[in-house]
Amino acid sequence: MAEQRSTAPKPRPEPKPGPAQLQRLLPPGGVESPLEVAQSLWPAGGRARAGTRPYVIVNMISSADGRATIGGRAGLLGDAVDRELFHALRTVADAVLVGAGTAREERYGRLIRDPASRQRRREQGKSEEPLACVVSGRMDLPQELPLLATPEARVVIVTNSQASLASPAAHVEYLRAERDGMLDLHAALCELRERYAVELLLCEGGPHLNANLLAAGLVDELLVTLAPKLAGGDPSRGEALRIVAGAMLQTPVELALTGVLQSGSELFLRYAVRA
């Protein structure tokens, strides 16, 4: 008996997604890759800020109903394009600033893992990775945090405490800036520029650190990814953390919209923070 062969067509393999692209809506323009967008924020050679502190850009993501996190993590809000832009921004920064709580929740590790990105930074005369700056008042950072457990990592702990971590694998230094028992963020940022030559400082939150920076007048730009998601939650129970949280700002911070990009239903907004 002859073997019967199926004549049903074989399923076609799923097409691989193309490179991430963003359409520039404001100012009107063409399509750009996440790396091109990041490089446009800080052109080669930079633009040193007048004064003694670095130029500070805060980068955050928000759901359409204002949530900054889902289940305590911001990464669950974004898609692949947002994640690629998130990492591209790190490639142009001199340092990345993050609160200890965000570093713990998001399990921070090496800031740039892609070898090609590290090589590109070397060719531009930069270090392989931006300096990792973690703000911690209580030094509540677990030794097993990937960032601290990586020998190649360069970490500066920004704190008002005199305590130190117990023998982390990473190369850790301390920037202690205290005034009246509180962390003096202005003094800390000035020292980052003077001691570590940080001209562009990228802040990745969290919301309480953002509030403190804004209250002290230390933010120059705000980048917000508006994710097409609704998350809900009860603000009174701490379930709906926004991109700025904590005490009410004495005076609302005025923003000026300078750029809008789009990828599918996701919007990427760029604001200048008015003095």
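Residues numbered from 1 in each chain as written. Predicted model: local features only at pLDDT ≥ 70, side-chain atom pairs only at ≥ 80, totals over all residues. Heavy atoms only, no water.

J.: Mind showing me how you'd approach the layout of surface pockets here?
T.: Over the atoms a probe the size of a water molecule is rolled, and this reveals where empty space is left. Estimated volume of the second largest pocket: approximately 520 Å³. Lining the second largest pocket are 22 residues, with Arg-242, Ile-243, Val-244, Ala-245 and Leu-249 sitting closest to its centre. Counting only elements with at least two residues in the lining of the second largest pocket, the list comes to strand S3 (55-63) and helix H6 (207-215). The residue inventory of the lining of the second largest pocket, partitioned by class, reads 16 nonpolar, five polar and one charged. (1 Å grid on protein atoms, 1.4 Å probe; cavity = no way out; pocket = protein on both sides within 12 Å on 5 of 7 lines; lining within 4 Å. Points joined across faces, edges and corners; volume = space filled by probe spheres on them. Helix = DSSP H or I, 4+ residues; strand = E, 2+ residues; numbered from the N terminus. Nonpolar A, V, L, I, M, F, W, Y, C, P; charged D, E, K, R; others polar.)

J.: What is the right way to look at the pairing of strand S10 (residues 200-203) in this model?
T.: The two faces of the sheet receive side chains in turn, since in a regular strand these alternate between them. Neither face of S10 is left uncovered, since the one carrying Leu-200 and Leu-202 and the one carrying Leu-201 and Cys-203 both have all their residues buried. Here S3 runs beside S10; their pairing, made up of four bridges, is parallel. Considered in S10, the bridge of Ile-57 is made with Leu-202. Judged from the three bridges that link them, strand S4 (residues 95-99) and S10 form a sheet pairing that is parallel. (Buried < 20%, exposed > 50% of the residue type's maximum accessible area, 1.4 Å probe, protein only. Pairing = 2+ DSSP bridges.)

J.: Can you help me understand empty space enclosed by the protein in this one?
T.: Going through the model one piece at a time under the given rule, you end up with one cavity of 30 Å³ or more. In this model, the largest cavity occupies a volume close to 50 Å³. Along the walls of the largest cavity sit Leu-41, Ile-57, Leu-89, Val-92, Ala-93, Leu-200 and Leu-202, which together make up its complete lining. Broken down by secondary-structure element, the contributors of at least two residues to the lining of the largest cavity are helix H2 (80-92) and S10. Classifying every residue of the lining of the largest cavity by side-chain character gives seven nonpolar, no polar and no charged.

J.: Explain the packing of helix H1 (residues 34-41) against H2 to me, please; I cannot follow it from the model alone.
T.: In helix packing, the relevant descriptors are the interaxial angle and the interaxial distance, both defined with respect to the helix axes. In the contact formed by H1 and H2, the axes pass within 8 Å of each other and the chain directions differ by 40°. Considering their axes alone, H1 and H2 lie oblique with respect to each other. Here H1 runs over H2; the crossing is right-handed. Counting all contacts with H1, which are made through Pro-34, Leu-35, Val-37, Ala-38, Gln-39 and Leu-41, the residues of H2 involved are Glu-84, Leu-85, Ala-88, Leu-89, Thr-91 and Val-92. Grouping the constituent residues of the contact of H1 with H2 by class yields nine nonpolar, two polar and one charged. (Axes fitted to C-alpha atoms, helices over the stretch in contact; angles between N-to-C directions. Parallel < 35°, antiparallel > 145°, perpendicular 65-115°, else oblique. Left-handed = near helix turned anticlockwise from the far one by under 90°. Contact = heavy atoms within 4.5 Å.)

J.: What is the right way to look at H6 in this model?
T.: Owing to its 3.6 residues per turn, the α-helix brings residues three or four apart onto one side. Within the span of H6, buried status applies to Pro-207, Leu-209, Asn-210, Ala-211, Leu-213 and Leu-214. In the core, the buried residues of H6 are packed alongside S3, S4, strand S5 (131-135), helix H5 (185-196) and S10. Within two residues after H6, Gly-217 carries a phi angle of roughly 70°, on the positive side.

J.: Would you mind showing me how to read the side chain of Thr-91 here?
T.: Within the secondary structure, Thr-91 sits in helix H2. Judged by relative accessible area, Thr-91 falls into the buried class, the value being 8%. Within the local environment of Thr-91, its side chain forms a polar contact with the backbone oxygen of Ala-88, the two atoms lying 2.6 Å apart. When near neighbours in sequence (up to four residues on either side) are disregarded, Thr-91 contacts Leu-35, Ile-112, Ser-117, Arg-121 and Lys-126. (Polar contact = N/O pair within 3.5 Å; in protein donor to acceptor, adjacent residues only side chain to side chain.)

J.: Even after reading the chapter, I still don't get unusual backbone geometry, so can you show me in this structure?
T.: Most peptide bonds take the trans configuration, and most residues that are not glycine carry a negative phi. With omega at -10°, the peptide bond leading from Leu-26 into Pro-27 counts as cis. Checked against the element boundaries, Pro-27 lands in the loop between strand S1 (22-26) and strand S2 (31-32). A cis geometry characterises the amide bond from Gly-205 onward to Gly-206, with omega recorded as 5°. As for its position among the elements, Gly-206 is in the loop between S10 and H6. Even without a glycine there, the phi angle at Met-139 is positive, about 55°. Note that Met-139 resides in the loop between S5 and strand S6 (154-159). Taking the relative accessible area as the measure of exposure, Met-139 reaches 10% and is therefore buried.

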